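Each chain, letter by letter, is given below.
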Amino acid sequence: MPWPSRKRDKGAVADKKEPDAKIAKTEKETSDKEEEEKSAKPPAGSSKSGWKNWKKKESESGEESKITYCHWLLKSEPESRLEKGVDVKFSVDDLKAQPNQTTCWDGVRNYQARNFLRSMKLGQQAFFYHSNCKEPGIVALVKIVKEAYPDHTQFDQKDPHYDSTSRKENPKWSMVDVQFVRMTKRFIPLAEIKAHHLAHKADGGPLKDMMLFSRQRLSIQPLTQEEFDFVLSLEEEKPH
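This structure is a prediction, so every number in the text was calculated from the model and none was measured.

Caption draft 1: Broad picture of the overall build of the chain. When helices and strands are tallied, the chain shows six helices and eight strands. For the chain, the succession of helices and strands along the chain, N to C, is α-α-β-β-β-α-β-α-β-β-β-α-β-α. Per-residue burial for the chain yields a buried fraction of 51% across its 240 residues. In the chain, once contacts between residues fewer than 6 apart in sequence are set aside, the share between residues at least 24 apart is 76%.

Caption draft 2: The arrangement of the sheet that holds strand β1 (residues 69–76) in detail. Pairing is mixed across the open sheet formed by six strands, whose spatial order is β4-β7-β6-β5-β1-β8. Of all the strands in the sheet, just β4 (102–105) and β8 (220–224) have a single pairing partner and so form its edges. For this sheet, the mean angle separating the axes of adjacent strands, direction not counted, is 40 degrees. Helix α4 (residues 111–119) rests against β1, β4, β6 (137–150), β7 (174–189) and β8 of the sheet, and its axis sits at about 95 degrees to β7. Across the sheet, helix α6 (residues 225–233) lies against β1, β5 (125–130), β6, β7 and β8, angled at about 95 degrees from β8, the strand it touches most.

Caption draft 3: How the structure looks around unusual backbone geometry. A positive phi angle, close to 55 degrees, is found at K84, a residue other than glycine. Along the chain, the position of K84 falls in the loop between β2 (82–83) and β3 (86–87). According to the relative accessible area criterion, K84 is exposed, its value standing at 69%. Not every positive phi belongs to a glycine, and N100 is a case in point at roughly 60 degrees. Mapping N100 onto the fold places it in the loop between α3 (92–96) and β4. Judged by its relative accessible area of 61%, N100 falls in the exposed class.

Caption draft 4: View of the side chain of E227. As for its position among the elements, E227 is in helix α6. No salt bridge forms around the buried E227; measuring N to O, its nearest opposite-charge neighbour K208 is 7.5 Å away. Once you skip the residues sitting within four places of it in the chain, E227 turns out to touch P206, L207, D209, M210 and P222.

Caption draft 5: Geometry of the environment of Q98. Along the polypeptide, Q98 turns up in the loop between α3 and β4. Once the C-alpha coordinates of Q98 and Q179 are considered, the two residues, 81 residues apart in sequence, prove to be 9.3 Å apart. Among the polar contacts made by the side chain of Q98, one reaches the main-chain carbonyl oxygen of D94 at a distance of 3.3 Å.

Procedures and definitions
- Residues numbered from 1 in each chain as written.
- Predicted model: local features only at pLDDT ≥ 70, side-chain atom pairs only at ≥ 80, totals over all residues.
- Heavy atoms only, no water.
- Helix = DSSP H or I, 4+ residues; strand = E, 2+ residues; numbered from the N terminus.
- Buried < 20%, exposed > 50% of the residue type's maximum accessible area, 1.4 Å probe, protein only.
- Contact = heavy atoms within 4.5 Å.
- Pairing = 2+ DSSP bridges.
- Axes fitted to C-alpha atoms, helices over the stretch in contact; angles between N-to-C directions.
- Lys, Arg positive; Asp, Glu negative; His and termini not counted.
- Salt bridge = Lys/Arg side-chain N within 4 Å of Asp/Glu carboxyl O.
- Polar contact = N/O pair within 3.5 Å; in protein donor to acceptor, adjacent residues only side chain to side chain.

See the structure below:
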């Protein structure tokens, strides 16, 4: 059955009908260009004013933060792409269309991403990130509503992410359940986040070590409190 109509980024391909099979959220393993190459090169120094304001806010608090991961970034593909005959498309609108706006985050087949899934705690928030599309970026907030448990797709021979080496008594792969919280106040594109990342590398800002730019293909990424708070603050700013 077709999904309901969706909002799409400018220039995105037209919606297509979804197959009846369960849609998986997957690791990107093809030779497509990296997401940074799909977004415009950020203007040099465009992060400076925002970072100055952030530093002022941080200094006023007088607190030095510890480097811990308590938030997440989850990548999913909003545009149709067939993998072993199954469309792996899953946009934020698809999530919102699920019962109780909740779904399992299945199909992860990368050990580091799996370990991050297993580290997630009930109630933690994550950015929903549209990946492998014309303009990648953050579109919404979700929260973890069920901690890691075995991913059923690893045992389904009809699923594109079936793993014949995984055993039910000792499953290799895990998933969590996520629930839609809200849309971000505006779309936060990868190009804008990258501009801040480059400026912070020079100034020692909160995005200087953001994994989005060191492990570009990883579909599950951890965020420190400082990274999460700074990126979320961008929704209040006018787009560059």
